[in-house]
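Observations on the model geometry
One letter stands for each residue in the lines below.
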Amino acid sequence: MENADNKNIIGLALGSGAAFGLAHIGVLRVLEKEKIPIGIVSGASMGALIAAMWGIGLSSKEIEDISGKLKRKLNIMRLLDFTFPVSGILAGKRLKRFLRAILGDRMFEDLKIPVKIISYDLVNRETVTIDSGRLLDAVYKSIAVPGIFQPVMEDGKMFVDGGILDPVPVDTLFKNGAAKVIAVNVLPGPRNICERNMALKEIEKEEENIMRQGSLDEQICVHLTRFFKKIFTPNIFDVIMTSMQAMEYSLAEISCCRANVSLHPVLSDAASTDFYLVKNFVKTGEEETLRYIDKIRALV
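Quick summary incoming for the structure in this document. Computed from a predicted model, the values in this text were never measured in an experiment.

A few words now on the overall build of the chain. What the chain contains, in helices and strands, is twelve helices and ten strands. Going through the 300 residues of the chain one by one, you find that 50% of them count as buried. In the chain, of all internal contacts separated by at least 6 residues, the share reaching a separation of at least 24 is 75%.

What follows is the structure, given as structure tokens:
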């Protein structure tokens, strides 16, 4: 990356956020259409997976099609392989099979665009930038949410989700030759949370109307929905993901302040586990990028 053309290199930092990270696909779609020359990409957690997929040459359309396989909740459940919770409640073997189906055994040397993947080492309490070896292994190290997926033990290190300390890896791009950076923070902020809570209140009002005026079948449906919500909300996934994302949002905003252009595409009425809302997330990413397209064009 160190050459005379460094002043022209535009970097793209894709942030963590579980299902919210699907908005990155919409960002990529606009960058492709506008022919913005991205010279290097960094990614943490879900952003690492999207970065790796784009780096091997998949288009935003192909990435969306692959993500569309998770549009049914049953397909998402098939990725969950519960294990005895020593270091995580999921073994991660099914997730690795899913990643292998996408990335194969490609190495970083096979990338068409340089990609820097961020993980976090719990043993030494430091952020680790991975840019060599097998892509699949690097991506898993970056998306292994602590407490949910078993961490990767390797060379005296314990690798977990890269979003813990660097949810939108902007500085990594500057350190590796980028002159200008576009940062994408997909994590919901206070305003988004407020909007989601208001949307949930509207749903509760609709349910109350159904309970008063709806048919028997509709009332039974509402009863069952509330029953299962009461049992499974909040669940361990919600607690861990919400806690992490609350912390990561603040760190992400600090990183984004150092970028030349900062995007914040968030689908306010969604949750971090709503992988089936692929098209909604993608649309949000497109709309946000188009709002800033003049600033992005000015970077070229």
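Take the nonpolar core next. Ranked by size, the top nonpolar core spans 77 residues in total, and within it Leu12, Ile38, Val41, Ile117 and Ile182 carry the most contacts. With eight residues, helix 2 (residues 46-55) is the single largest residue contributor to this core. Filtering out sequence-adjacent residues up to four positions away, Ile38 remains in contact with Ile10, Leu12, Leu31, Trp54, Ile113 and Ile182. Counting 14 residues, the second-largest nonpolar core is a separate cluster that includes Ala178, Leu187, Tyr249 and Ala259.

Moving on to the packing of aromatic side chains. On inspection of all chains with the given rule, the structure shows two aromatic pairs. A ring pair is formed by Phe20 and Phe281, whose centres lie 5.9 Å apart and whose planes are at 85°; its orientation type is edge-to-face. With Phe20 in the loop between strand 1 (10-14) and helix 1 (23-33) and Phe281 in helix 11 (residues 278-291), this residue pair connects regions lying 261 residues apart in the sequence. Relative accessible area serves as the criterion here: at 4%, Phe20 is assigned to the buried category. Centre to centre, the rings of Tyr140 and Phe149 are 6.3 Å apart; their planes meet at 75°, and the pair counts as edge-to-face. Judged by its relative accessible area of 2%, Tyr140 falls in the buried class.

The first and last C-alpha atoms of helix 11 sit 20 Å apart over 14 residues, in line with the 20 Å expected at 1.5 Å per residue. Where helix 11 is concerned, the buried positions are Val278, Phe281, Val282, Thr284, Gly285, Glu288 and Thr289. Buried residues of helix 11, seen end-on, are gathered within an arc of 155° and therefore sit on one face of the element. Residues of helix 11 that are exposed and angled more than 90 degrees away from the buried face: Lys279, Lys283 and Arg291.

Positive phi is not limited to glycine here, since Arg125 has a value of about 50°. The backbone of Asp155 shows a phi angle near 50°, a positive value even though the residue is not glycine. You can see Asp155 is positioned in the loop between strand 7 (152-154) and strand 8 (157-161).

Further remarks concern the pairing of strand 8. Sheet topology note: the strand 4 (residues 115-121)/strand 8 ladder contains three bridges and is antiparallel. Bridge assignment links Tyr120 to a residue of strand 8, and that residue is Val160. If you look at the hairpin formed by strand 7 and strand 8, you'll find two residues sitting between the two strands, and Asp155 has a positive phi there, around 50°.

We now examine the pattern of salt bridges. Opposite charge on two side chains permits them to pair, given that their charged atoms come into close proximity. Considering all chains together, one arrives at twelve salt bridges under this definition. The salt bridge partner of Glu64 is Arg29, with a shortest N-O separation of 2.6 Å. Of the two residues, Glu64 is situated in helix 3 (residues 60-67) and Arg29 in helix 1; the sequence distance between them amounts to 35 residues. In terms of burial, Glu64 and Arg29 fall into one category: buried. As a salt-bridge pair, Asp105 and Arg134 come within 2.9 Å of each other at their nearest N and O atoms. With Asp105 in the loop between helix 5 (93-103) and strand 4 and Arg134 in the loop between strand 5 (126-130) and helix 6 (135-143), this pair connects stretches of sequence that are 29 residues apart. Relative accessible area serves as the criterion here: at 24%, Arg134 is assigned to the partly exposed category. Salt bridges linked by common partners bring Arg100, Asp105, Arg134 and Asp137 together as one network.

Attention shifts here to the packing of helix 1 against helix 11. Describing two packed helices takes the angle between their axes plus the distance from one axis to the other. At their nearest, the axes of helix 1 and helix 11 sit 6 Å apart, and the two run at 45° to each other. Relative to helix 11, the element helix 1 is oriented oblique. At the point where helix 1 passes helix 11, the crossing takes the right-handed sense. Here helix 1 contributes Ala23, Ile25, Gly26, Val27, Arg29, Val30 and Lys33 to the contact with helix 11, which in turn contributes Phe281, Val282, Gly285, Glu286, Thr289 and Leu290.

So, about a positive patch on the surface. On the surface, Lys93, Arg94, Lys96 and Arg97 cluster together to form a positively charged patch. Mapped onto the fold, Lys93 is located in helix 5.

Here the focus is the pairing of strand 2 (residues 38-44). Of all seven residues in strand 2, six are buried; the element is thus mostly enclosed. For strand 1 and strand 2, the ladder comprises five bridges, and the chain directions are parallel. By the bridge assignment for strand 2, Leu12 is matched with Val41. This β-α-β element, strand 1 to helix 1 to strand 2, shows right-handed connectivity. Of the strand pairs in this sheet, strand 2 and strand 4 are connected by four bridges, and their pairing is parallel. The residue bridging Gly43 from the neighbouring strand is Ile117, located in strand 4.

Rules of the game
- Throughout this description, residue numbers start from 1 for each chain and increase along the sequence as written.
- Local features in this predicted model are restricted to residues whose pLDDT is 70 or higher, and side-chain atom pairs enter the listing and the counts only when it is 80 or higher, whereas totals over whole chains, interfaces and linings include all residues.
- Water and hydrogen atoms were dropped before computing side-chain values, which therefore reflect all heavy atoms in the structure.
- Secondary structure is summarised from DSSP: a helix means a run of H or I of at least four residues, a strand means a run of E of at least two, and numbering begins at the N terminus for each.
- A simple rule labels every residue: compare its accessible area, found with a 1.4 Å probe on the protein chains alone, to the largest value its type can have, and call it buried under 20%, exposed over 50%, or partly exposed in between.
- Any two residues whose heavy atoms approach within 4.5 Å at even a single point are treated as in contact.
- The term nonpolar core refers to a set of buried residues drawn from Ala, Val, Leu, Ile, Met, Phe, Trp, Tyr and Cys, joined through side-chain atoms within 4.5 Å.
- Ring pairs are drawn from Phe, Tyr and Trp, using the six-membered ring of Trp, whenever the two centres fall within 6.5 Å, and their geometry is named by plane angle: stacked under 30 degrees, edge-to-face over 60, tilted for the rest.
- A helix is expected to span 1.5 Å for every residue after the first.
- The arc in question is formed by the directions pointing from the helix axis toward the C-beta atoms.
- Strands pair, by our definition, only if DSSP identifies at least two bridges between them.
- Basic side-chain nitrogens of Lys or Arg form a salt bridge, by our definition, when they fall within 4 Å of a carboxyl oxygen of Asp or Glu.
- Working convention: axes come from line fits to C-alpha atoms, limited for helices to the stretch in contact. Angles between N-to-C directions cover 0 to 180 degrees.
- Orientation is classified from the angle alone, with under 35 degrees giving roughly parallel, over 145 giving roughly antiparallel, 65 to 115 giving roughly perpendicular, and any other angle giving oblique.
- Whether a crossing is left-handed or right-handed is set by the direction in which the near helix is turned from the far one by less than a right angle, anticlockwise for left-handed and clockwise for right-handed.
- A patch consists of residues exposed above 30% relative accessible area that lack any salt bridge, with like charges linked at up to 9 Å and nonpolar side chains (Val, Leu, Ile, Met, Phe, Trp, Tyr) linked at up to 5 Å.
- All accessible-area figures derive from a Shrake-Rupley calculation using a 1.4 Å probe, and residue coverage is judged against the displayed protein chains alone.
- Charge assignment: positive for Lys and Arg, negative for Asp and Glu; neither His nor the chain ends contribute.
- By convention, the point assigned to a charge is CZ for Arg, NZ for Lys, CD for Glu and CG for Asp.
- Orient the strands so they point away from the viewer, and a crossover whose first-strand-to-second-strand path over the helix runs clockwise is right-handed.

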